[in-house]
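Fold and geometry: a report
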Amino acid sequence: MILQSLAGLPAFLVYFCTGLVAIVAYLFVYTRITPHNEFQLIRDNDPAAAIALGLSLLGFVAPLVSAIAHAANVLDCLIWAFIALVVQVIVFYLVRVPVPNLSERIAAGELAPAIWLGLSSLAAGLLNAACMIY
């Protein structure tokens, strides 16, 4: 019975590691396209940066979860993870339209722009995840 339960372990490890790699890639790309330095701001105890980045990460992980659950294979999963990354980058630029100084305000510790960015990222990610059911 235990061996039968562990039969899926290799696939689990492949998809889990694929997910971790996708998350690291997302954080690398996303933190490079934003003008503010999220990790430095978080190290400096800036809650605005933590909120914006954390919710953005959830906005990426939601479609990643959907991609893992519905992918035909690992390559398919990676393709959809890349699409999720692109969606999040687009969202970052779109939410700057009504708040052009978004990054400067997040870097200054203002919560409202951080919440706007974070929740917009999460909303787009949830919509993205729902659209990946194929």
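For the structure itself, look to the data block above.
Summarised in this report is the structure supplied together with it. (Residues numbered from 1 in each chain as written. Predicted model: local features only at pLDDT ≥ 70, side-chain atom pairs only at ≥ 80, totals over all residues. Heavy atoms only, no water.)

This part is about the overall build of the protein chain. Of regular secondary structure, the protein chain possesses seven helices and zero strands. Ordered by position from N to C terminus, the α and β elements of the protein chain give α-α-α-α-α-α-α. In terms of its C-alpha atoms, the protein chain occupies a principal-axis envelope of roughly 55 × 30 × 20 Å. Of all 134 residues assigned to the protein chain, the portion counted as buried reaches 39%. In the protein chain, the proportion of contacts linking residues at least 24 apart, taken out of those at least 6 apart, comes to 75%. Entry remark: accessible area of the protein chain is about 7400 Å², with carbon and sulfur atoms responsible for 76%. (Helix = DSSP H or I, 4+ residues; strand = E, 2+ residues; numbered from the N terminus. Buried < 20%, exposed > 50% of the residue type's maximum accessible area, 1.4 Å probe, protein only. Contact = heavy atoms within 4.5 Å. Areas by Shrake-Rupley, 256 points an atom, 1.4 Å probe, with all protein chains shown as cover.)

Now for the pattern of salt bridges. Enumeration according to the criterion identifies one salt bridge in this entry. Of the charged contacts, one joins Arg105 and Glu110 as a salt bridge, the two residues approaching to 2.7 Å between their closest N and O atoms. Among the residues examined, Glu110 registers a relative accessible area of 32% and is labelled partly exposed. (Salt bridge = Lys/Arg side-chain N within 4 Å of Asp/Glu carboxyl O.)

To continue, consider the state of the cysteines. The full count for this structure, using the stated rule, is zero disulfides. Among the cysteines around Cys77, which has no disulfide bond, Cys17 carries the closest sulfur, lying 12 Å off. (Disulfide = S-S within 2.5 Å.)

Let us look at the packing of aromatic side chains. As enumerated under the stated definition, the model contains five aromatic pairs in all. Aromatic side chains Phe12 and Phe16 sit 5.5 Å apart centroid to centroid with 25° between the ring planes, which places their arrangement in the stacked category. Of this pair, Phe12 and Phe16 both sit in helix H2 (residues 9–33), four residues apart, which is roughly one turn of the helix. Relative accessible area serves as the criterion here: at 44%, Phe16 is assigned to the partly exposed category. (Phe/Tyr/Trp six-rings, centres within 6.5 Å; stacked < 30°, edge-to-face > 60°.)

Assignment of secondary structure puts Ser66 in helix H4 (residues 47–70). Look at Ser66 and you get buried, because its relative accessible area is 7%. Filtering out sequence-adjacent residues up to four positions away, Ser66 remains in contact with Ala129, Met132 and Ile133.

This part is about the nonpolar core. In this structure, Tyr26, Tyr30, Phe60, Leu102, Ile106 and Leu117 are the most contacted members of the largest nonpolar core, which totals 29 residues. Contributions of two or more residues to this core are made by H2, H4, helix H5 (74–95), helix H6 (102–107) and helix H7 (111–131). Contact partners of Ile106, with chain neighbours within four places excluded, come to His36, Asp46, Ala48, Ala49, Ala52, Pro113, Ala114 and Leu117. (Core = buried A, V, L, I, M, F, W, Y, C linked by side-chain atoms within 4.5 Å.)

Our focus in this paragraph is H4. Taking 1.5 Å as the rise per residue, H4 with 24 residues should run 34 Å; its terminal C-alpha atoms sit 34 Å apart, in good agreement. For H4, the side-chain oxygen to backbone nitrogen distance between the N-cap and Ala48 is 2.9 Å, and the N-cap itself is Asp46. (Expected span 1.5 Å × (residues − 1). Polar contact = N/O pair within 3.5 Å; in protein donor to acceptor, adjacent residues only side chain to side chain.)

Turning next to the packing of H4 against H7. Viewed as axis vectors pointing N to C, H4 and H7 meet at an angle of 0°, and their least axial separation amounts to 7 Å. With respect to their mutual orientation, H4 and H7 come out roughly parallel. Along its contact with H4, which presents Pro47, Ala48, Ile51, Ala52, Leu55, Ser56, Leu58, Gly59, Ala62, Pro63 and Ser66, the element H7 presents Leu111, Ala114, Ile115, Leu117, Gly118, Leu119, Ser121, Leu122, Gly125, Leu126, Asn128 and Ala129. A per-class count over the contact of H4 with H7 returns 16 nonpolar, seven polar and no charged. (Axes fitted to C-alpha atoms, helices over the stretch in contact; angles between N-to-C directions. Parallel < 35°, antiparallel > 145°, perpendicular 65-115°, else oblique. Nonpolar A, V, L, I, M, F, W, Y, C, P; charged D, E, K, R; others polar.)

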